[in-house]
Amino acid sequence: MAQSVLKVVDIKKSFAGVQALKGVSLEIKAGEIHCLAGENGSGKSTLIKIISGVYTPDEGQIIFGDKVYSKITPIEAIRNGIQVIYQDFSIFPNLSVMENLAFNEELANKRKLVNRKRMKKIAQEALAKINFDVDLNAKVGSLSVASKQLIAICRALMLNARLIIMDEPTTALTRKEVNALFNIILDLKKQGIATLFVSHKLDEVFEISERFTILRNGEKAAEGFTSELDNKKFTYYMTGREFEDKPFVPTNVSEDPVLSVENLSMNGFYENVNFSLHRGEILGITGLLGSGRTELALSLFGIMQADTGTIKIDGEPVKLDSPETAINHGIGYVPEDRLTEGLFLPQSIGDNIIVSELDKLSSRLGIIDRDKKKEEIRQWVDKLSIATPNPDNACSTLSGGNQQRVVLAKWLSRDLKVLVLNGPTMGVDIGSKHDIHQILRRLAEQGLGIIIISDDIPEILTNCSKILIMRNGRISAALTPDEADTQVLARYMM
Amino acid sequence: MNRIMKNLMQRNEFYISIAIVALSIAIQLRSGQFFTSNNIVDLLSALIVPGLFALGAFMVIVSGGVDVSFPALASLSMYATTRILVDTNYQGGILLPIVMSLCFGAILGAVNGVLIATFKLPPLIVTLGTSSVFKGIMQGVLNAVQITVIPPGMSSFGTAALFIATNPQSGLTSRMPVAFLALVIVLLIVYFVLQHTMYGRGLYAIGGNEVSAYRAGFNVWLIKFLLYVGVGMISSLAGLIRVCMMTQAHPTNMLGMEMMVIAGVVLGGTAITGGSGTLTGCMLGTILLVMVENSLILLGVPTFWQGFFLGVFIIVGMGISALQVSRAIKARGALTRRVQQ
């Protein structure tokens, strides 16, 4: 058995009375690729911060080799070979690659003056560690996300790292870039450097890691070898719940389509799109980035406008030239990036929910009826089980899944006919994802027409009653879920 | 070659230089007086005070902050220095006044520094506040009035000339003040600090990403604190030079310069969001605004139009940085689209 690089024993930590970690132990061996998984709020990041010395634990031990600590400082963590690559990579976008790489060492050596020659040498040595080729004088801000990450990795390796902790490293990477990253991690393994991979994406956990630890509510839910883990167990350990992936069967389908799209084209984005949606159906639209799926969705909500073709609502042709007209025709849209496009984060959860129905809640003079407003908010918080102690809290205090529910509530508080959702569960953890799917199904049963645009294939397969696949702006196939599986969909997408 | 051109086209310095050249040619064509030795000397002499202010404002903006208190700080410090020296009937040279005003500047700057670095308050709000406080101390506590006779050491420094330029046609003469050396020296010091010390790179680093700077091992508190102390000293020096050159202390006539100075810095390509900008750009932007202030009269433009053109340049300058911000947001949008892949 290889020697352990890091061992933490029975770590406890609480913040303002909330027990974030309730006695967690973790061991990482030299050269091991270990995955730390858990939903938001499970204590993953608290544990990472304790290992890297940012937080001091209330109880427990941190052991590096044969050195036992009850608390450590960030510097001690670094001296013991711990390096953390944060999600934002801790880089300086305005400075050159060279400076980004050399600063840590120059500062560690307490240098006061800048010596570009020495900094260049440090930077070149750092890049050589993973054979990364990049212009030393380029500004880091102009590089791709993947390159920024590689720079962060190079920098981490410079200080004799023995364990590199990567916090959700694949979030902003393309599939190809993820593969390149995994190769580097395997390469580090050969050099005896261990990697602790923080993630809640299960395919990654399976692909790269040898062992895993899953946290749930501040406790260790499971640990073991990845080879012994399967999808179902993983989900169970993460959430403590069992989910059945029952395919969606529409029960309450209207006779006439609520929305039909005929020969819709928009130059350069999509061409000749035809489909219809009945009340009670969930229609899935998938396709690669740039296939026209997003533009089509935006056209249905009046943000972009089609050049030719017709959109009919309840059989009546309508002209959707702005979001306002789309809303008046009963169409709602949940955008891709809910944080910047769909919510007022600093404002209260309640205000976010009722923002689109202020007219309904105010008197003729435009004064808001407070009791009515309160009642309305309470109703939606209950209906969509938004987890908050108080709807007056700012929206930014909610987790991703709960924020997405607020966006839904905002729309549902109007009487909609069609709801278009673009990437409804992106960046949302498994439990909330399941809940959002259940909400959508329930809404469909109540007679709403729903369109989900997503590249999460399992999501489309289990939740939609009809699937459209887009390729290069055209609909390359229209299938039902029982005709389709992952391979079939991939074939039509490529 | 193409790449060099392209690189050049992306830089604000390039456009500012074009604007400066265009404006000078326009003035020359109109008046025939621009490219005369005495006009150039007049311009350089008018550049001293705004130039010093701009160096301070530049460093603060690079670090991701913004300082609007420097005219009030300079006014208070120069007024206190002059008042004390006049009341004690000081007859000595310029050294003591300079040391005194640097001390006042350091103390007042430290107030900004403590509020911003220690209490982590937003620099704009802090300096808006201290600006009012400094003005209040000067006008309320010190009962500031115009001081028409300043100590002889100060006035002789202010009127001492490096050389005198004479216009052969009109016979007008202009003195190049010794104080111009102060601008050159401070410029060299700031250049050295920003480019060749870890402190200076730390300013850029903080302006780029403060959290990363902390994690990399920069002493963020010390860097910020010293920054505001240093800027206080530079601004005070500018205030003192202004008094010496005018040979009288007017408590309020520097107030309001902050907009013009910050506009010059931003026009020169310094990102208002922090982290990027060059000293060349900062100085060019300031030169352009000083030219507008001083040379429109040569164009035959009535003085009240000066305010108009200054305003236009400020809007253009701020417009440039607003554009930068919206570009940055677009770039972030591109990032979120990448996430989808």
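The rules behind each value
Residues numbered from 1 in each chain as written. Chains lettered and ligands numbered in written order. Predicted model: local features only at pLDDT ≥ 70, side-chain atom pairs only at ≥ 80, totals over all residues. Heavy atoms only, no water. Contact = heavy atoms within 4.5 Å. Buried area = accessible area lost by both parts, 1.4 Å probe. Salt bridge = Lys/Arg side-chain N within 4 Å of Asp/Glu carboxyl O. Helix = DSSP H or I, 4+ residues; strand = E, 2+ residues; numbered from the N terminus. Expected span 1.5 Å × (residues − 1). Buried < 20%, exposed > 50% of the residue type's maximum accessible area, 1.4 Å probe, protein only. Arc of directions from axis to C-beta. Pairing = 2+ DSSP bridges. Axes fitted to C-alpha atoms, helices over the stretch in contact; angles between N-to-C directions. Domains from an automatic or database assignment. Nonpolar A, V, L, I, M, F, W, Y, C, P; charged D, E, K, R; others polar. Patch = residues over 30% accessible without salt bridge, like charges linked within 9 Å, V, L, I, M, F, W, Y side chains within 5 Å. Areas by Shrake-Rupley, 256 points an atom, 1.4 Å probe, with all protein chains shown as cover.

Caption draft 1: Broad picture of the interface of chain A and chain B. Facing the 31 residues of chain A at the interface are 27 residues of chain B. Carbon and sulfur atoms supply 57% of the area buried between chain A and chain B, which totals about 2500 Å² over both sides. Counting across the interface, chain A meets chain B through 1 salt bridge. For R201 of chain B, the salt bridge goes to E99 of chain A, with nearest N and O atoms at 2.5 Å.

Caption draft 2: Up close: helix 6 (residues 175-190) of chain A. All names here are of chain A. Counted at 1.5 Å a residue, the expected span for helix 6 with its 16 residues is 22 Å, and the 23 Å between its end C-alpha atoms agrees. Of the positions making up helix 6, those classed as buried are E177, V178, L181, F182, I184, I185 and L188. Viewed end-on, helix 6 has its buried residues packed into an arc of 160°, placing them on one side of the element. Of the exposed residues in helix 6, those oriented more than 90 degrees away from the buried face are K176, N183 and K190. At the exit of helix 6 stands G192, carrying a positive phi of roughly 85°.

Caption draft 3: View of the sheet that holds strand 20 (residues 474-479) of chain A. Residue and element names in this part refer to chain A. Taking strand neighbours across the sheet as the criterion, the 6 strands line up as 16-17-18-13-19-20 in an open arrangement whose pairing is mixed. Looking at strand neighbours, the two that pair on one side only are strand 16 (331-334) and strand 20, the edges of this open sheet. Going across the sheet, the axis of each strand differs from the next one's by a mean of 20°, ignoring polarity. Bridge count between strand 13 (residues 282-287) and strand 19 (residues 466-471): 5 bridges; the pairing is parallel. Paired with G287 across the strands is M470, a residue of strand 19. Each of strand 16 and strand 17 (418-422) is contacted by helix 15 (residues 400-412), which is oriented at about 170° to strand 16, the strand it contacts most. In this fold helix 18 (residues 486-493) packs onto strand 13, strand 19 and strand 20, with an angle of close to 35° to the strand it touches most, strand 19.

Caption draft 4: Representation of the sheet that holds strand 9 (residues 211-216) of chain A. Residue and element names in this part refer to chain A. On the basis of which strands lie adjacent, the open sheet formed by 6 strands has the order 6-7-8-3-9-10 and mixed pairing. Each edge of the open sheet carries a strand with a single partner, namely strand 6 (82-85) and strand 10 (219-225). Taking each pair of neighbouring strands and ignoring which way they run, the sheet shows an average axis angle of 15°. In the sheet, strand 3 (residues 33-38) pairs with strand 8 (residues 194-199) via 5 bridges, with the strands oriented parallel. Looking at the pairing, C35 lines up with F197 of strand 8. Together, strand 6 and strand 7 (163-167) form the strand contacts of helix 5 (residues 145-158), whose direction differs from that of strand 6 by roughly 170°.

Caption draft 5: Expanded view of the domain arrangement of chain A. Residues and elements named next belong to chain A. The domain architecture assigned to chain A consists of domain 1 (4-239) and domain 2 (257-493). Taking only C-alpha atoms into account, the centre of domain 1 sits 36 Å from that of domain 2. Listed per partner, the contact involves 6 residues of domain 1 and 4 residues of domain 2. The junction of domain 1 with domain 2 conceals about 490 Å² of combined surface from both sides, 59% of it contributed by carbon and sulfur atoms. Contact with domain 2 buries surface across domain 1, with E39, N40 and H200 losing the most and accounting together for 69% of the total. Put simply, domain 1 and domain 2 have 0 salt bridges between them. Taken together, the residues that form the side of domain 1 that touches domain 2 break down as 2 nonpolar, 3 polar and 1 charged.

Caption draft 6: Just a nonpolar patch on the surface, in detail. On the surface, a cluster of nonpolar side chains totalling about 500 Å² of accessible area is made up of V21, I25, L29, F35 and I40 of chain B. When you line up the elements, I25 of chain B lands in helix 2 (residues 12-31).

Caption draft 7: Molecular detail of unusual backbone geometry. Residues and elements named next belong to chain A. Positioned with a positive phi, N263 is a non-glycine residue whose angle comes to about 50°. Here N263 shows up in strand 11 (residues 257-266). The backbone of D314 sits at a positive phi, close to 50°, despite the residue not being glycine. Summarising the element assignment, D314 is placed in the loop between strand 14 (308-313) and strand 15 (316-318). For D314, a relative accessible area of 40% corresponds to the partly exposed category.

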